[in-house]
Amino acid sequence: MKKLLFVYNPLSGKGQINEHLAEIIDIFTKGGYEVTARPTQARNDAYDTVRSRGGDFDLVVCSGGDGTANEMIKGMIDGGHHVPVGTIPAGTMNDFATSLGIPKYMPDAARTIVNGTPEFVDVGAFNDRYFTYVAAFGVFTEVSYATDQQLKNSIGALAYLIGAVKEAAQKSDLSHKYTLTIECNGQKVTDDFIYGMVANSLSVGGIKGLAGKDIRMNDGLFEGLFIKKPATLIELNQILAALIKHEFDSPFIYYFKSSEFHFHAHEDIPWTLDGEYGGNCPDISLCPLHNIMRIMVDKSRCLGLDSIDTE
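Only a predicted model underlies this, so the values are computations on that prediction, with no experimental measurement involved. (Residues numbered from 1 in each chain as written. Predicted model: local features only at pLDDT ≥ 70, side-chain atom pairs only at ≥ 80, totals over all residues. Heavy atoms only, no water.)

Asker: What is the right way to look at the packing of helix α2 (residues 17-30) against helix α6 (residues 106-115) in this model?
Answerer: Any two packed helices are characterised by how steeply their axes cross, that is the angle between the axes, and by the distance between the axes. One can describe the packing of α2 onto α6 by two numbers: an axis separation of 9 Å at closest approach and a directional angle of 25°. Overall, the two elements α2 and α6 adopt an arrangement that is roughly parallel. Where α2 crosses over α6, the handedness of that crossing is right-handed. Counted together, Ile17, His20, Glu23, Ile24, Ile27 and Phe28 of α2 and Met106, Pro107, Ala110, Arg111, Ile113 and Val114 of α6 form the full contact between these two elements. (Axes fitted to C-alpha atoms, helices over the stretch in contact; angles between N-to-C directions. Helix = DSSP H or I, 4+ residues; strand = E, 2+ residues; numbered from the N terminus. Parallel < 35°, antiparallel > 145°, perpendicular 65-115°, else oblique. Left-handed = near helix turned anticlockwise from the far one by under 90°. Contact = heavy atoms within 4.5 Å.)

What follows is the structure, given as structure tokens:
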């Protein structure tokens, strides 16, 4: 019988996994797997478990938010494991799962894992660390990891928007900025920014299209979006309007598709990786690790992947 490792965060998304745990394990069992289930006990527990044990199984599955998926994939890479993975979303945003067309209803996600096919997906390298779908800095990312978890659970994506508006109001003098040099595609840009991200996702912060159009999560390219510091509130409103309309040719926005990014910060910049605080890094090399991971998906629902022969 095939073996499946199931690592889940029992607290993620109001602890909804606890309502479906028995049914999910039953779906895995009926799918021909002997299941080993592990509820995480602390931050990085999913990473430690997958890194040390992932190679002993035919399939590794996690359930939680984007942070849990991040830990699973980091554990697979650092452990040198090459078996397919699956994810059952249970967090607030679940951008990674949404981009892969994985159902939000947890038993349906489990059925997708059992009945789906393994498809390659790119993973981001951020110096010596990894991320699944986004590395970012600036005002809106600070909102993401500072927003109270209870508020996230209660009103979801609206919590991020409320937090962003509050923070913009508190910084109405618009003096907060990050001076950064960006190198990619043979170009070199230095400017003052209030926000920047490199993403591999159809959805960021619960907002579809924020990283642009025609995104493929296994094409060896990442999308970079960087917002210049506005000088006035009028310019800030123009930036917000451009983002809402996905008009990335705005004079306040730099937008790139590239297989490699290099950053040099002129001050400490706090980054987030998949929505979790990633530390202050002045010099960064960032690139896709092309087709390094196979994840179980339903091809008919998955809009973010080009079909690739995995045999």
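Still more ground to cover, so stick around.
Asker: I'm lost on helix α4 (residues 66-79) in this one. Help?
Answerer: The periodicity of an α-helix, 3.6 residues per turn, causes residues three or four places apart in sequence to face the same way. With 14 residues, α4 should cover 20 Å at 1.5 Å per step; its first-to-last C-alpha distance of 20 Å lies within 8% of that length. For α4, the buried fraction is high: twelve of the 14 residues fall into the buried class. Within the span of α4, buried status applies to Asp66, Gly67, Thr68, Ala69, Asn70, Glu71, Met72, Ile73, Lys74, Gly75, Met76 and Ile77. In the segment just after α4, glycine 80 is the residue with positive phi, at about 70°. (Expected span 1.5 Å × (residues − 1). Buried < 20%, exposed > 50% of the residue type's maximum accessible area, 1.4 Å probe, protein only.)

Asker: Just checking my understanding: could you explain the packing of aromatic side chains for this structure?
Answerer: The geometry of an aromatic ring pair is captured by the separation of the ring centres together with the interplanar angle, meaning the angle of the planes. In total, this model carries 14 aromatic pairs according to the counting rule given. Relative to phenylalanine 256, the ring of phenylalanine 226 has its centre 6.2 Å away and its plane inclined at 55°; by these criteria the two rings are tilted. A residue pair is termed long-range when its members are at least 10 positions apart, and phenylalanine 226 in strand β12 (residues 222-228) and phenylalanine 256 in strand β13 (residues 253-258) qualify at 30 residues. Of the residues examined, phenylalanine 256 reaches a relative accessible area of 6% and is grouped as buried. A connected cluster of aromatic rings, assembled from ring pairs, spans Phe126, Phe137, Tyr178, Phe193, Phe226, Tyr254, Phe256, Phe261, Phe263 and Trp271. Sitting above the plane of the tyrosine 47 ring, lysine 74 keeps its charged end 5.9 Å from the centroid. (Phe/Tyr/Trp six-rings, centres within 6.5 Å; stacked < 30°, edge-to-face > 60°. Lys NZ or Arg CZ within 6 Å of the ring centre and 35° of its normal.)

Don't take any of this as a statement about function, it's just geometry.
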